[in-house]
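Spelled out from the first residue to the last, the chains are:
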Amino acid sequence: MAEAFATEIAKSLLGKLGSFAVQEFRLACGLQDDLARLEERLKAINAVLSDAEKQQSKNERIRLWLHMLRKVFYDAEDVLDEIECETLQRQVVKTKGSTSRKVQHFFTSSNRIAFRLRMGHNIKKIIERLAEISALKSDFNLSEQAIDCSHVLHEETGMNRSFDSFSGLIRRDEDKERIINLLIPPFKVGDAHPRVLPIVGMGGLGKTSLAKSVGDAEIVERHFQLKMEVCVSDDFSLKQVIQKIIKSATGERCADLDEGELQKKLEEILNGRKYLLLLDDVWNEDAKKWLLLKPVLSKGADGSKIIVTTRSQRVAEIMGTVPAYNLSHLGKEDCLLLFCKCAFKEGQMALYPNLIGIGKEIVAKCKQVPLAVINLGTQLYGKIDETEWKSVRDSEKWEEEGDVILPALKISYQRLPTHLKRCFLYCSVFPKDYQFGDCILVQFWMAHGLILQSANPNENLEDVGLRYVRELISRCFFQDYEDCIVIAYFKMHDLIHDLAASLAQNEFSIISSQNHQISESSRHLSVLDSNSFFHQTLNKFSNEFDHVRSIVFADSIAGPTCKTDFEKCLSGFKYLRSLELMDPSEFEVFPERIGALKHLRYLYLVVNTEMKRLPKSIFKLPNLQALVAAGEGLEELPEDVRHMISLRFLLLFTQQKRLPEGGIGCLECLQTLFIVWCENLENLCEDMQGLKSLRKLFIAKCHGLISLPRSIKCLTTLEEFCIIDCEKLDLITIEEEKGKKIQSLSLSLRIVMFAVLPATRALPEQLFQGSAESLQTFIIIGCPNIGEMPDCIRNLKKLQNLEISDCPRLNKRCRKETGEDWPKIAHIPKIKVDGDDSGEETSHSGSSGTP
């Protein structure tokens, strides 16, 4: 990385030294003196790190010194993680009760002594290396500063604005109308088929946003029978492009089809249908590759159109059948208006004419490129100190050679707090156009120790991580934000991704058909091409794998196809913290060797239809915090899941009819549980009361689910509860039987969402009664058989938002003023009830509460 981030890593190390696991090991194994010396050495170095990091941009020797330190810090982290692993493994053995002879041997006194000696030796080596590097600091005249080892979150900047895409602020109405007029005219004899319209312009002008807005126009949607969008990006692989087009058209991944089968399937999809296809961010200047794809796309009906966005005039010449639409820079006045919209809070602009003057100078340096304007405007949002505005205007980054957009993006990056810089750079391990999910990205960050503990004891790491996400979105480092209640999705602009990749430098390596090398400093790998990785990188650079901490196989094309190669790969990643793998198409059984990755904290696995079960060794990973196990073929989640004592996040698919007791219900650390696409599932486990830390429960697309266990009402820590598209589920099943004494409940629910539950006849009153002091948002969609609001809704004094949609009986009863249930809900500040018979929507701001 361009910056060493030594201070952040040192804080993490000091936090680990103070952890319960290390403290317990320190006492049990007699390493008090060694660990105390390590802590003392770290604190001495930490005292000058802040000053060193301020000077590193202007002093190459200090920068190199910090990078030497970082390498030792990483090795120290590995040693301390070994100690934590040992402690956790002992804990697992205790929870199992009886143990196998092999496990018992592992924990014999002789084995413990060998481990203690090995760890003692490794700690001494770390101390010696730190002493050598520390001795050099006297050459730099670094000043000591107060040591903050609290590992506390930095203060948030308070950017409370809408998360709608900033691209909507760019006014390209005339361009949009012109392009629509080029798409709509009917097909004539002699016209090219399909007709291809290139949109050409430099990066950051808004080509993609414009093309998508054209496709979303009502007149365009009516004109075409099928719409598809595909990001092609740097590597134009015929198989991969066809696979993406099919996925856009049908939602199918088709990972197990070869190139010929994929072509045939796409031809069947397009046959006789008039389509609009967006091929976004095309770089391929090899005409032969386009000529291989074009015949497949010609199978659509006459009048089919393709929009191509590209920065290359050569690409436009190769692919276009009509003259390219050259997108111009945004007008100067439009740029200034756009900047002010991003920089000022509503109504503030007229109050600060001095800032507008500085803003004009900043906008002039952006050379009328919207992405640069938006990015810098968001950095200054809510800032009224002239000094901050001048620091952007006068930044030395403007003098750097190269594209005009890069200096603006670097200035934006410079203004990020250190903890957000690291989180942003780690995103470069994911491929371009990758769709992030907020809660899943947070788990990835947590796996690498990037989330700082909040000073608020009621806020856990997941909460802090979500605030990081919101901050990066509001600063325009993420875009295309889509809030789906249970999870929010977003992407990185390709230029923002380029920035992250350039700043991450040698720590992050991309393995593609053009590059198969990694260096000694490579700690994060993004695999875009499996052939290059398994046949070249794996053979030539296997000695470097010890340092690797994360690996992302970008998609099914990049994933492993040979189980033997993958097993060899796993054996080399000794300190791997995160692994993301899509559709290992040739695997019927996942390698058991994954159980040797004892440092693994994050596993994202989308399996093919042939893989029926996960390897048992996965459930022996003591550090695993997040497991996404998605795949229609998975038959069961075994009881062994209860041994995953560190698991905090679980997303599962299963073909079981019932989740067994003694499995998921034993996960005391679990915070978030997704149960999705479980077609056969009829019942959940009855021992859910064992989920003592569960805060979020999401159940979706479980079409066979009949009932919920009554133990759900015992989840006193649950804050978000969402059930979506479970057609046989009747929510009343969680109520106590009639005549049975109702136990007083105290729940923590803040958000409840029930959607597409046609079998549900009534809302569960006890759930709402138990959440009277906490419930803030209630959404109910597509529940036609719910007849009324329960009386207890009157008592939900904290309820701020109520939304009712596609519930005809309930809609009628909740009409403003006239509905029978209106008196029950009139106190709620924000009410949205869709349609009476005329399709009218009722919105309400209550007389009490927040207006």
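Above: the structure in question.
Residues numbered from 1 in each chain as written. Predicted model: local features only at pLDDT ≥ 70, side-chain atom pairs only at ≥ 80, totals over all residues. Heavy atoms only, no water.

## Describing the pattern of salt bridges
Inspection of the entire model under this criterion finds 54 salt bridges. One salt bridge in this structure joins K124 and D34, with 3.1 Å as the shortest N-O distance. Taken together, the residues span a long stretch of sequence, with K124 in helix 6 (residues 109–134) and D34 in helix 3 (residues 32–55) at a distance of 90 residues. The partly exposed category is assigned to K124, whose relative accessible area is 38%. Residue classification places D34 among the buried residues on the basis of a relative accessible area of 9%. With its nearest N and O atoms 3.4 Å apart, the salt bridge here joins D175 to R172. Overall, the relative accessible area of 10% leaves D175 in the buried class. (Salt bridge = Lys/Arg side-chain N within 4 Å of Asp/Glu carboxyl O. Helix = DSSP H or I, 4+ residues; strand = E, 2+ residues; numbered from the N terminus. Buried < 20%, exposed > 50% of the residue type's maximum accessible area, 1.4 Å probe, protein only.)

## Brief notes about the sheet that holds strand 2 (residues 226–233)
Sheets are built from strands paired through backbone hydrogen bonds, the pairs being either parallel or antiparallel. Spatial ordering of the open sheet is given by 2-3-4-1-5, a layout of five strands whose pairing is parallel. Edge strands, defined here as strands with exactly one partner in the open sheet, are strand 2 and strand 5 (325–326). Contacting strand 1 (195–200), strand 2, strand 3 (275–282) and strand 4 (305–310), helix 8 (residues 207–216) crosses the sheet at an angle of about 160 degrees to strand 4. (Pairing = 2+ DSSP bridges. Contact = heavy atoms within 4.5 Å. Axes fitted to C-alpha atoms, helices over the stretch in contact; angles between N-to-C directions.)

## Observations concerning the sheet that holds strand 8 (residues 488–491)
Ordered in space as 6-8-7, the three strands form an open sheet in which the pairing is antiparallel. A single partner strand is all that each edge strand has here, and the edge strands are strand 6 (436–437) and strand 7 (479–483). Here strand 6 runs beside strand 8; their pairing, made up of two bridges, is antiparallel. Across the sheet, residue F436 finds its bridge partner in strand 8, namely F490.

## Brief notes about helix 17 (residues 386–393)
Where helix 17 is concerned, the buried positions are W389, V392 and R393. Buried residues along helix 17 cover an arc of 100 degrees about the axis, so they all sit on one side. The secondary structure elements touched by the buried residues of helix 17 are helix 14 (332–343), helix 15 (353–365), helix 16 (370–379) and helix 18 (405–414). Between the side-chain oxygen at the start of helix 17 and the backbone nitrogen of T387 there is a gap of 3.0 Å, and the oxygen is on D385. (Arc of directions from axis to C-beta. Polar contact = N/O pair within 3.5 Å; in protein donor to acceptor, adjacent residues only side chain to side chain.)

## Topic: the packing of aromatic side chains
Per the stated rule, a full pass over the model turns up 22 aromatic pairs. Centre to centre, the rings of Y434 and F436 are 4.9 Å apart; their planes meet at 65 degrees, and the pair counts as edge-to-face. Here Y434 matches F436 in class, with each residue buried. Consider the rings of W445 and Y468, whose centres lie 6.4 Å apart with planes at 50 degrees: the pair is tilted. In this pair, W445 sits in helix 20 (residues 438–447) while Y468 sits in helix 21 (residues 461–474), placing the two residues 23 residues apart along the sequence. Each member of the pair, W445 as well as Y468, is classed as buried. The aromatic ring of Y413 is capped on one face by K421, whose charged end is 5.3 Å from the ring centroid. (Phe/Tyr/Trp six-rings, centres within 6.5 Å; stacked < 30°, edge-to-face > 60°. Lys NZ or Arg CZ within 6 Å of the ring centre and 35° of its normal.)

## Concerning unusual backbone geometry
Each neighbour pair has its own omega, and for H193 with P194 the value is -10 degrees, a cis peptide bond. Phi angles above zero are rare outside glycine, and D433 is one such case at about 65 degrees. Residue placement: D433 occurs in the loop between helix 19 (418–426) and strand 6. Positive phi is not limited to glycine here, since C476 has a value of about 70 degrees. By secondary structure assignment, the location of C476 is in the loop between helix 21 and strand 7. On the basis of relative accessible area, C476 is assigned to the buried category, the value being 8%.

## Section: the side chain of R813
Structurally, the position occupied by R813 is in helix 26 (residues 808–813). Overall, the relative accessible area of 19% leaves R813 in the buried class. The contacts of R813, once residues within four sequence positions are left out, are G787, E788, G819, E820, D821 and W822.

## Things to note about the environment of V628
Relative to the helices and strands, V628 resides in strand 14 (residues 626–630). On a C-alpha basis, the gap between V628 and L650 in space is 5.9 Å, while along the polypeptide they are 22 residues apart. Filtering out sequence-adjacent residues up to four positions away, V628 remains in contact with L603, Y604, L605, F649 and L651.

## Some remarks on the packing of helix 1 (residues 6–17) against helix 3
Remark: helix 1 packs on helix 3, axes separated minimally by 9 Å, with the N-to-C direction vectors making an angle of 155 degrees. It follows that helix 1 is roughly antiparallel to helix 3 by the angle criterion. The two elements helix 1 and helix 3 cross, and the hand of that crossing is left-handed. Residues A6, T7, A10, L13, L14 and L17 of helix 1 form the contact with helix 3, whose own contacting residues are L35, L38, E39, L42, K43, N46, L49, S50 and E53. Looking at side-chain class alone, the contact of helix 1 with helix 3 contains nine nonpolar, three polar and three charged residues. (Parallel < 35°, antiparallel > 145°, perpendicular 65-115°, else oblique. Left-handed = near helix turned anticlockwise from the far one by under 90°. Nonpolar A, V, L, I, M, F, W, Y, C, P; charged D, E, K, R; others polar.)

## A short note on a negative patch on the surface
A cluster of like negative charges, contributed by D256, D258, E259, E261, E588 and E610, occupies part of the molecular surface. Counting through the fold element by element, E588 comes out in the loop between strand 12 (578–582) and strand 13 (602–606). (Patch = residues over 30% accessible without salt bridge, like charges linked within 9 Å, V, L, I, M, F, W, Y side chains within 5 Å. Areas by Shrake-Rupley, 256 points an atom, 1.4 Å probe, with all protein chains shown as cover. Lys, Arg positive; Asp, Glu negative; His and termini not counted. Charge placed at Lys NZ, Arg CZ, Asp CG, Glu CD.)

The quantities given are spatial measurements derived from coordinates; they are silent on function.
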